[in-house]
Amino acid sequence: MADSSIVRLNAAKKRAKKGGRPKLPHKIAPRDGRLELNERELKSLDCLGAHQMRLEFLYLRSNFLRSFQGLGYMPNLKVVDVSSNCLESLEFLGVLPNLRELYLNANSLVSLDDLPTMPLLETLSVTQNEIPSLRFMQPQPSLRAFFFSHNLVESFDGMPAFPKLDSLRCVGNPLERHEQFMLTAVIACGPTIRKINGQLISPEDHELAASFSAVTSIAIRYGAMVGDGDPQMFLFEMQKHET
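Residues numbered from 1 in each chain as written. Predicted model: local features only at pLDDT ≥ 70, side-chain atom pairs only at ≥ 80, totals over all residues. Heavy atoms only, no water.

**Thoughts on the overall build of the protein chain**
For clarity, the cut-off: A run of DSSP states H or I qualifies as a helix once it reaches four residues; a run of E qualifies as a strand once it reaches two. Both are numbered from the N-terminal end. Burial here depends on accessible area, computed with a 1.4 Å probe over protein chains only, as a share of the maximum for the residue type. Under 20% is buried, over 50% is exposed, and the range in between is partly exposed. Should any heavy atoms of two residues lie within 4.5 Å, those residues are counted as being in contact. Accessible areas in this description were obtained via Shrake-Rupley with a 1.4 Å probe; residue shielding takes into account the shown protein chains only.
When helices and strands are tallied, the protein chain shows 5 helices and 9 strands. If you list the helices and strands of the protein chain from N to C, you get α-β-β-β-β-β-β-β-α-β-β-α-α-α. Burial status across the protein chain gives 43% buried among its 243 residues. Contacts in the protein chain between residues at least 24 apart in sequence constitute 27% of all its contacts with a sequence separation of at least 6. For the protein chain, the accessible surface area stands at approximately 12,500 Å², while carbon and sulfur atoms represent 53% of it.

Okay, here's the thing in structure tokens:
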């Protein structure tokens, strides 16, 4: 059973022990721009209604949501937590021009290619999903923290250059088992990275990463890892397979 399925099952057991099915209030009213609908067995977001325009913080943990259908234009929303649901895609995520933090942990996501560019997004957490690759991710110009631990990612293939990235967590992915994982990660993340999997990156680590050629950096973004051979030959082989 996948980690995300176990999390959802455990959450359901906890709700059952509390004695019955949790009910939604007849009137949902945010308090100070904050709305918490955790453990409500929600299957849709139709209940948000007219409150969407006023919300700044939205918490929907431990429900049964499969999509963001019903989430519309929310100009003031800053934080969304939809962890421990049943999300399989990020379609219908809506227009969230001021979103700063997005938590999608413990779902059933298999890709991030339908996550739109969000100009102010600073934290993205997709831990405990079933994502095999970072290919086709959209740029996130303000992203500072990217967490994708306990997925199925084998390399940094397709990860965009995040110009403000400060912290990366990718524990429990196949790529972490590579002998030169840390050096590869520093090169992939660029000069702004300060912490990887909780480990502080030293000036010496950055200096070593900077000593590698631009070709190496490009090859890493196509799936190479430091120590796997000549990066130029790797790119040549990649191009040959694509044509």
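Back to the text.
**A word on the packing of aromatic side chains**
As a reminder of what qualifies: When the centres of two rings from Phe, Tyr and Trp lie within 6.5 Å, Trp using its six-membered ring, the rings pair. Their planes under 30 degrees apart give stacked, over 60 give edge-to-face, and anything left gives tilted.
Counted by the stated rule, this structure contains 2 aromatic pairs. Ring centres 4.9 Å apart and planes at 40° place the aromatic pair Phe 146 and Phe 148 in the tilted group. Pair check on accessibility: Phe 146 and Phe 148 agree, each one buried. Seen from their ring centres, Phe 146 and Phe 162 are 5.9 Å apart, and the 80° between their planes marks the pair as edge-to-face. Of this pair, Phe 146 sits in strand 6 (residues 145-147) while Phe 162 sits in the loop between strand 6 and strand 7 (167-169); the two residues are 16 residues apart in sequence, bridging distant segments of the chain. Grouping residues by exposure puts Phe 146 and Phe 162 together as buried.

**Comments concerning helix 2 (residues 181-189)**
Helix 2 sits mainly inside the fold: 8 of its 9 residues count as buried. In the core, the buried residues of helix 2 are packed alongside strand 7, strand 8 (195-196), helix 3 (203-210) and helix 4 (214-220). Of the residues flanking the end of helix 2, it is Gly 190, one or two places downstream, whose phi is positive at about 90°.

**Some details on the packing of helix 2 against helix 3**
We count it as follows: A fitted line through C-alpha atoms represents every axis, and for helices the fit uses only the stretch in contact; the resulting angles, taken between N-to-C directions, go from 0 to 180 degrees. Our angle categories are set so that under 35 degrees counts as roughly parallel, over 145 as roughly antiparallel, 65 to 115 as roughly perpendicular, and the remainder as oblique. Residues are grouped as follows: Ala, Val, Leu, Ile, Met, Phe, Trp, Tyr, Cys and Pro are nonpolar; Asp, Glu, Lys and Arg are charged; all remaining types, including Gly, are polar.
The N-to-C vectors of helix 2 and helix 3 enclose an angle of 75°; their axes lie 9 Å apart at closest approach. Classified by the interaxial angle, the pair formed by helix 2 and helix 3 is roughly perpendicular. Counted together, Leu 183, Val 186 and Ile 187 of helix 2 and Asp 205, His 206, Leu 208 and Ala 209 of helix 3 form the full contact between these two elements. Class assignment of the residues belonging to the contact of helix 2 with helix 3 gives a composition of 5 nonpolar, 1 polar and 1 charged.

**Brief notes about the sheet that holds strand 5 (residues 123-125)**
Two strands in a sheet stick together by hydrogen bonds in their backbones, pointing the same way (parallel) or opposite ways (antiparallel). Basically, it comes down to this: Being paired, for any two strands, means DSSP has found at least two bridges between them.
Taken together, the 9 strands give an open sheet; going across it, the order is 1-2-3-4-5-6-7-8-9, and neighbouring strands pair in mixed fashion. What marks the edges here is a single partner per strand, and that holds for strand 1 (34-36) and strand 9 (199-200). With 2 bridges connecting them, strand 7 and strand 8 associate as parallel partners. Its bridge partner being in strand 8, Leu 168 is matched across the sheet by Ile 196.

**Considering the nonpolar core**
Side chains of a nonpolar character, in soluble globular proteins, are inclined to be buried together. Under the convention used in this document: As used in this record, nonpolar core signifies buried Ala, Val, Leu, Ile, Met, Phe, Trp, Tyr and Cys residues forming a set joined through side-chain atoms within 4.5 Å.
If you look at the biggest cluster of nonpolar residues, it comprises 57 residues, and the most contacted ones within it are Leu 104, Leu 124, Phe 146 and Leu 168. Per-element accounting of this core gives the leading share, 7 residues, to helix 2.

**Quick notes on unusual backbone geometry**
Its identity as a non-glycine residue notwithstanding, Ser 84 has a phi of 60°, on the positive side. Among the secondary structure elements, Ser 84 is positioned in the loop between strand 3 (79-81) and strand 4 (101-103). Owing to a relative accessible area of 13%, Ser 84 belongs among the buried residues under this scheme.

**Re the confidence of the model for the protein chain**
Filter applied, for reference: pLDDT gives the predictor's per-residue confidence on a scale running from 0 to 100.
In this model, the protein chain carries a mean pLDDT of 88, and residues with pLDDT of at least 70 account for 87%. The low-confidence segment residues 15-26, where pLDDT is below 50, has 16 contacts with residues more than four positions distant or belonging to other chains.

**Structural notes on the environment of Met 225**
Along the polypeptide, Met 225 turns up in the loop between helix 4 and helix 5 (231-242). Sequence separation between Met 225 and Phe 181 is 44 residues; the distance between their C-alpha atoms is 7.3 Å. Once residues within four sequence positions are removed from consideration, Met 225 is found in contact with Ser 155, Leu 175, His 178, Phe 181 and Thr 184.

**Thoughts on the side chain of Asp 166**
Mapped onto the secondary structure, Asp 166 falls in the loop between strand 6 and strand 7. In this view, Asp 166 contacts Arg 144, Thr 192, Ile 193, Arg 194 and Lys 195; residues no more than four positions away in its chain are not counted.

**Brief notes about a nonpolar patch on the surface**
Here is the rule: Patches here are clusters of residues that have more than 30% relative accessible area and form no salt bridge, with a 9 Å joining cutoff for like charges and a 5 Å cutoff for nonpolar side chains (Val, Leu, Ile, Met, Phe, Trp, Tyr). The working definition used for a salt bridge is a side-chain nitrogen of Lys or Arg within 4 Å of a carboxyl oxygen of Asp or Glu.
Side chains of Met 53, Tyr 73 and Val 95 sit close together on the surface and give an oily, nonpolar patch of about 310 Å² of accessible area. Positionally, Val 95 belongs in the loop between strand 3 and strand 4.

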